[in-house]
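What the coordinates show
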Amino acid sequence: MRALVISGGGSKGAFAGGVAQFLIQEAGNKYELFVGTSTGSLLISHLALGKLDKIKDIYSNVDQKTIFNNCPFVITKKYGVDEISINHWNVAKNLIRGKKTFGESENLRKHIRQSLTVAEFEELKKGPNDVVVTVSNLSLNQVEYKSINDCTYDEYCDWIWISSNYTPFMSLVRKNGCEYADGGLGSIVPIEEAIRRGATDIDVVVLHTEVNYMNRMPSRNPFELLTTMLSFILDRIENQNIRIGKLVANQKNAIINLYYTPTILTTNSLIFNKEKMTRWWKRGYLYAKNKNEETNPIEPNELE
């Protein structure tokens, strides 16, 4: 069984979309299993349906308003670089309302339902492919994997949304008596789950560089400190997921093909910039092409 696994990574999901487009359209890979975490969960349904142009259009037009109905930060440009700072008024409003997070992402929930129709859901559910979304159950302290085959349309859309909710900046969701959050908090690169479900040949898109090239600047406020701490924790989880995935693959005689981002795309994946995401999609496509066609390598400047 061949599987496509896409890690979490916020706005960097556009790069994963480009990689997947090449693997499906040009390399002709036929996947029977799709497993995604966070931004990966937003991609996999349309990839499984073969609707690459549709998901590319979605990722090329998303912005902050598409995600947040109450955005907890402000984006400013300083010396040509995007910087974020806390939006005190929006955060205060959320706390006054009794919310448990700094921001709310109900707009993303609506966008998911608009992007994936009931007809598409039924087509996917009746098809031969399995599509699996990763979520973190904070109440039971465990990672859960939600297959489309076990869900109704409403449930499946909610699981995709939950998988993408990067708490405490996005919504914390109570469902089935438990509190759920971003799947990346437990399994940001779910290789092991793909193997457990029978995959023997796995293409994995990791939305991070293989080698750490970054030396973070000092935090200027508690908000930046929190994002830096979470990024550090998620990096450790990612490394652990990949190591465990390789170990299990070796035990099960499975093949793993890893596609890392060749450069640092952004230091804050909560910033959704249409122009950059469009460019990242193209870079992902060209990077996968370069990796798969060694006889005709792409020059580095073509990735710009």
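The structure we're discussing is the one just above.
Quick summary incoming for the structure in this document. (Residues numbered from 1 in each chain as written. Predicted model: local features only at pLDDT ≥ 70, side-chain atom pairs only at ≥ 80, totals over all residues. Heavy atoms only, no water.)

This brings us to the pattern of salt bridges. Should the charged atoms of two oppositely charged side chains come close, the side chains can pair. Counted under the stated rule, the structure contains 14 salt bridges. Note that R197 is salt-bridged to D130, the shortest N-O span being 3.5 Å. Here R197 is found in the loop between helix 9 (191-196) and strand 9 (201-206), whereas its partner D130 is found in strand 5 (residues 130-137), with 67 residues between them in sequence. On the basis of relative accessible area, R197 is assigned to the partly exposed category, the value being 25%. Look at D130 and you get buried, because its relative accessible area is 16%. In this structure, K175 and D158 form a salt bridge, with 3.4 Å as the shortest nitrogen-oxygen distance. Remark: D158 occurs in helix 8 (residues 153-163) and K175 occurs in strand 7 (residues 173-175); sequence separation between them is 17 residues. The exposure class assigned to K175 is buried, which follows from its relative accessible area of 15%. Salt bridges linked by common partners bring E106, R109, D158 and K175 together as one network. (Salt bridge = Lys/Arg side-chain N within 4 Å of Asp/Glu carboxyl O. Helix = DSSP H or I, 4+ residues; strand = E, 2+ residues; numbered from the N terminus. Buried < 20%, exposed > 50% of the residue type's maximum accessible area, 1.4 Å probe, protein only.)

In this section: helix 3 (residues 52-61). Within helix 3, burial applies to L52, I55, I58, Y59 and S60. Considering only its buried residues, helix 3 is in contact with helix 1 (13-26), helix 2 (39-49), helix 6 (106-115) and helix 11 (274-292). (Contact = heavy atoms within 4.5 Å.)

All right, on to the side chain of D203 then. Positionally, D203 belongs in strand 9. Each residue touching D203, except ones within four places of it in the same chain, is listed here: R2, A3, L4, V5, L23, N29, Y31, N257 and Y259.

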